[in-house]
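A look at the structure
Below are the chains, spelled out letter by letter.
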Amino acid sequence: MAKLPVQFRLNGSDRATFVDPASNLLDTLRRGLGDFGPKYGCGQGTCGVCTVLVDGEPQLACLTLAVACEGRQIETTSGMADGPNLHPLQDAFMDHFAAQCGFCTPGMLTAARALLAKNPQPSREEVVEAISGNICRCTGYEPIIAAILAAADAPGARRA
Amino acid sequence: MLDLRTCASLSEAAGILSGDRQALLIGGGTLVMREVNEGRLTEGTLVRVTDPAFRQISAGGARVELGAGVTMAMLLANRDLAYLHAPARGIGGPPVRTMATIGGNLFAGTPYGDFTVALLALDAQVVLQSGYGSGRAVSLEDFLSARERGGQGLVTAVQFARPQNPAELHFRKISRVKPKGISVLSIAAYLPLSGGRVTQARVAYGAMAPTPIRARGVERALDGKPLDQAAIQAAKQAALEGCRPATDAIASEWYRREILPVHLGRLLAGEPR
Ligand SMILES: Cc1cc2nc3c(=O)[nH]c(=O)nc-3n(C[C@H](O)[C@H](O)[C@H](O)COP(=O)(O)OP(=O)(O)OC[C@H]3O[C@@H](n4cnc5c(N)ncnc54)[C@H](O)[C@@H]3O)c2cc1C
Ligand code: FES
Ligand code: FES
């Protein structure tokens with residue numbers, strides 16, 4: 001089967017590649033474009049570690065058809081820092097010991113980023129809901145929730 | 001290897017689906033892509049629809065029509081559909097809801113299909129299009145009982161009468177893991193009151209049979225009665241009529257049978273879970 005072309009904006013840069021017709025976005029990002037921010041956990045939609053933003057909305061890259069991203073804006077954790085300056089959420093995750101092995105961190109950061117972009121002052125329940133599709137097997141969820149709430153209060157945290 | 005066809009019109013997609021037995025529609029892909037990733041779906045053609053009609057919401061009038069490609073997130077963003085927010089919010093976490101469609105939920109195997117349970121309580125119709133002709137409406141109940149036979153073509157939309165009093169539609173998803181476990185079961189009940197009595201109750205369950213089902217026994221027990229202790233007791237007694245729950249990784253058949261009347265009673269009494 002012939003490969004299909006696909007073009008989208010990835011973390012602000014235009015990218016183009018060729019994919020197998022049923023390729024998922026996660027494979028395309030990691031193997032095709034060398035963006036190792038989103039991770040491969042389950043491939044089933046259950047762990048959330050592959051969460052990316054597609055036109056600002058959280059989506060599971062492992063379940064997203066790559067060709068369906070034609071012309072869209074994709075954002076991953078690889079594009080969160082501003083040069084040497086970490087995103088306020090990344091800072092808060094470090095300050096609150098919200099990452100242990102770090103495997104879930106890209107998905108957690110992306111889920112949190114999607115939440116804060118829409119709701120800059122979320123309640124604890126709203127944070128819990130926002131990360132309800134993401135599994136962490138190390139730190140437990142408390143430090144992660146605390147970090148997201150702290151970032152929500154932090155000056156400049158509203159930077160999407 | 002899998003091929004992909006992107007269709008700009010619904011009739012093109014319906015034509016491909018009815019002409020090619022190996023063609024499969026991909027909606028949000030939350031279930032289809034699992035099959036692809038796990039190597040269970042390797043041959044045939046995935047059919048993708050980009051027709052804006054597939055994602056159209058018409059919710060303001062007396063008759064509501066939702067395109068089958070409407071996602072749970074789109075429903076949650078629509079204020080006219082607030083009465084459907086509880087079942088939409090019950091599906092997966094936020095990234096799943098960005099992707100999961102109403103159409104896909106109609107085909108989701110038990111114990112999924114929570115949104116479909118709410119549609120059953122609304123007595124929805126499914127618009128089916130096979131081949132290039134126009135769609136025909138069939139009742140959701142008939143659609144579900146035929147579903148296992150497969151090959152029904154393309155679902156383009158669902159339709160239902162807008163509930164006159166949205167507060168009369170109730171939905172509960174019962175799961176063991178908070179906040180986002182898979183359903184042990186789900187219940188939707190549309191209970192319009194007229195002169196203090198229930199008229200034309202419609203009650204539906206998820207995960208209590210191979211597909212979502214209407215709870216006819218409960219509907220009979222409630223119709224024409226005030227929602228008092230006696231009616232609730234009668235409804236609980238009739239709760240299991242027609243149920244054929246499975247034992248699966250989420251719960252045993254026994255457990256589902258035990259807890260259904262309890263949760264139904266609480267829903268009818270307006271008590272918390
Ligand atoms: C982590 C996770 C959690 C989930 N939690 C829930 C939950 O709590 N409750 C729940 O009900 N579901 C849940 N689901 C299942 C699923 O996401 C939903 O049921 C969803 O609505 C399926 O829609 P989809 O568009 O993604 O389906 P797809 O994967 O695109 O399609 C599913 C099936 O339906 C067929 N199909 C889809 N649309 C049409 C159409 N218009 N016409 C004809 N055939 C069609 C496809 O060919 C395929 O066979 C979950 C899934 C995941 C990954
Ligand atoms: S890898 Fe995508 S949800 Fe687990
Ligand atoms: S830090 Fe290890 S999985 Fe979350």
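Quick caveat: nothing in here was measured; it's all calculated off a predicted structure.

Remarks on the overall build of chain A
Looking only at helices and strands, chain A features 5 helices and 5 strands. When the elements of chain A are put in sequence order from the N terminus, they spell out β-β-α-β-β-β-α-α-α-α. At 15 Å, chain A has a C-alpha radius of gyration in line with the 15 Å of a compact globule built from 160 residues. Taking all 160 residues of chain A together, the buried fraction comes to 49%. Look at the contacts in chain A between residues 6 or more apart in sequence, and 57% of them connect residues 24 or more apart. Accessible surface, chain A: about 7,000 Å² in total, of which carbon and sulfur atoms supply 52%. Here chain A contributes 13 positive and 16 negative side-chain charges, whose respective centroids are spaced 6 Å apart.

Side note on helix 1 (residues 10-19) of chain B
All of the buried residues in helix 1 of chain B are B:Leu10, B:Ala13, B:Ala14, B:Gly15, B:Ile16 and B:Leu17. At its buried positions, helix 1 of chain B is contacted by strand 1 (2-7), strand 2 (23-25), strand 3 (44-49), strand 6 (125-129) and strand 8 (154-161) of chain B.

A word on the sheet that holds strand 3 of chain B
Residues and elements named next belong to chain B. One open sheet accounts for 3 strands, arranged 1-3-2; its pairing is parallel. Among the strands making up the open sheet, the edge pair consists of strand 1 and strand 2. Between one strand axis and the next, the sheet turns by 30° as a mean value, whatever way the strands run. Inspection of the sheet shows strand 1 paired to strand 3 by 6 bridges, in the parallel sense. Within the sheet, the bridge partner assigned to Leu2 lies in strand 3 and is Gly44. Sitting on the sheet, helix 1 touches strand 1, strand 2 and strand 3, and the angle it makes with strand 1 is about 150°.

Topic: the pattern of salt bridges
Scanning the entire structure with this criterion turns up 19 salt bridges over all chains. Here A:Glu129 ties to B:Arg97 by a salt bridge, and the two come within 2.7 Å at their closest N and O atoms. Of the two residues, A:Glu129 sits in helix 4 (residues 124-130) while B:Arg97 sits in helix 5 (residues 94-99), which places them in two different chains. For B:Arg97, a relative accessible area of 6% puts it in the buried group. The salt bridge partner of A:Glu129 is B:Lys180, with a shortest N-O separation of 3.3 Å. Note that A:Glu129 is positioned in helix 4 and B:Lys180 in the loop between strand 9 (169-175) and strand 10 (183-190), a pairing that runs across two chains. A relative accessible area of 22% places B:Lys180 in the partly exposed class. Each of B:Asp123, B:Glu141, B:Arg214, B:Arg216 and B:Glu219 takes part in salt bridges that share partners, so that together they form one network.

With respect to the side chain of A:Thr51
All names here are of chain A. Counting through the fold element by element, Thr51 comes out in strand 3 (residues 51-54). According to the relative accessible area criterion, Thr51 is buried, its value standing at 1%. Of note is the side chain of Thr51, whose polar atom sits 2.5 Å from the backbone oxygen of Gly48.

Structural notes on the site of ligand 1
Around ligand 1 there are 33 residues in total, and B:Leu25, B:Gly28, B:Thr30, B:Thr101 and B:Asp114 lie nearest to it. One chain alone does not account for the residues near ligand 1; they come from chains A and B. One nitrogen or oxygen atom from the side chain of B:Thr30 is found 2.5 Å from an oxygen atom belonging to ligand 1. Backbone polar atom of B:Gly113 to an oxygen atom of ligand 1: 2.7 Å apart, as the coordinates give it. Starting from 960 Å² of accessible surface for ligand 1 in isolation, the protein chains cover 93%. Elements with a contribution of two residues or more to the shell around ligand 1: strand 2, helix 2 (32-37), helix 6 (102-107) and strand 8 of chain B. No other element matches the 4 residues that helix 6 of chain B contributes to the shell around ligand 1. Its residues assigned to classes, the shell around ligand 1 shows 15 nonpolar, 15 polar and 3 charged.

Examining the packing of helix 3 (residues 105-118) of chain A against helix 5 (residues 142-153) of chain A
All names here are of chain A. One can describe the packing of helix 3 onto helix 5 by two numbers: an axis separation of 11 Å at closest approach and a directional angle of 35°. Handedness of the helix 3/helix 5 crossing: right-handed. Together, Met108, Ala112 and Leu116 of helix 3 and Ile144, Ile148, Ala151 and Ala152 of helix 5 make up the contact between the two elements. By residue class, the composition of the contact of helix 3 with helix 5 is 7 nonpolar, no polar and no charged.

Quick word on the sheet that holds strand 4 (residues 57-58) of chain B
All names here are of chain B. Read from one edge of the open sheet, 5 strands run 4-5-8-6-7, paired in antiparallel fashion. Two strands close off the open sheet at either side, each with one partner strand: strand 4 and strand 7 (136-139). As judged from the 4 bridges shared by strand 6 and strand 7, these two strands associate in the antiparallel manner. Bridging from a neighbouring strand, Leu128 pairs with Arg136 of strand 7. Lying over the sheet, helix 8 (residues 140-147) contacts strand 6, strand 7 and strand 8, oriented at roughly 85° with respect to strand 7.

Section: the pairing of strand 8 of chain B
Residue and element names in this part refer to chain B. Counted residue by residue, strand 8 has 7 buried out of 8 residues, so it is predominantly covered. Sheet analysis places strand 5 (residues 63-67) next to strand 8, joined by 5 bridges and oriented antiparallel. Looking at the pairing, Arg63 lines up with Ala161 of strand 8. With 5 bridges connecting them, strand 6 and strand 8 associate as antiparallel partners. What sits directly across from Val126, in strand 8, is Val158.

Criteria and cut-off values
Residues numbered from 1 in each chain as written. Chains lettered and ligands numbered in written order. Predicted model: local features only at pLDDT ≥ 70, side-chain atom pairs only at ≥ 80, totals over all residues. Heavy atoms only, no water. Helix = DSSP H or I, 4+ residues; strand = E, 2+ residues; numbered from the N terminus. Rg over C-alpha atoms; globule rule 2.2 N^0.38 Å. Buried < 20%, exposed > 50% of the residue type's maximum accessible area, 1.4 Å probe, protein only. Contact = heavy atoms within 4.5 Å. Areas by Shrake-Rupley, 256 points an atom, 1.4 Å probe, with all protein chains shown as cover. Lys, Arg positive; Asp, Glu negative; His and termini not counted. Charge placed at Lys NZ, Arg CZ, Asp CG, Glu CD. Pairing = 2+ DSSP bridges. Axes fitted to C-alpha atoms, helices over the stretch in contact; angles between N-to-C directions. Salt bridge = Lys/Arg side-chain N within 4 Å of Asp/Glu carboxyl O. Polar contact = N/O pair within 3.5 Å; in protein donor to acceptor, adjacent residues only side chain to side chain. Near = heavy atom within 4 Å. Nonpolar A, V, L, I, M, F, W, Y, C, P; charged D, E, K, R; others polar. Left-handed = near helix turned anticlockwise from the far one by under 90°.

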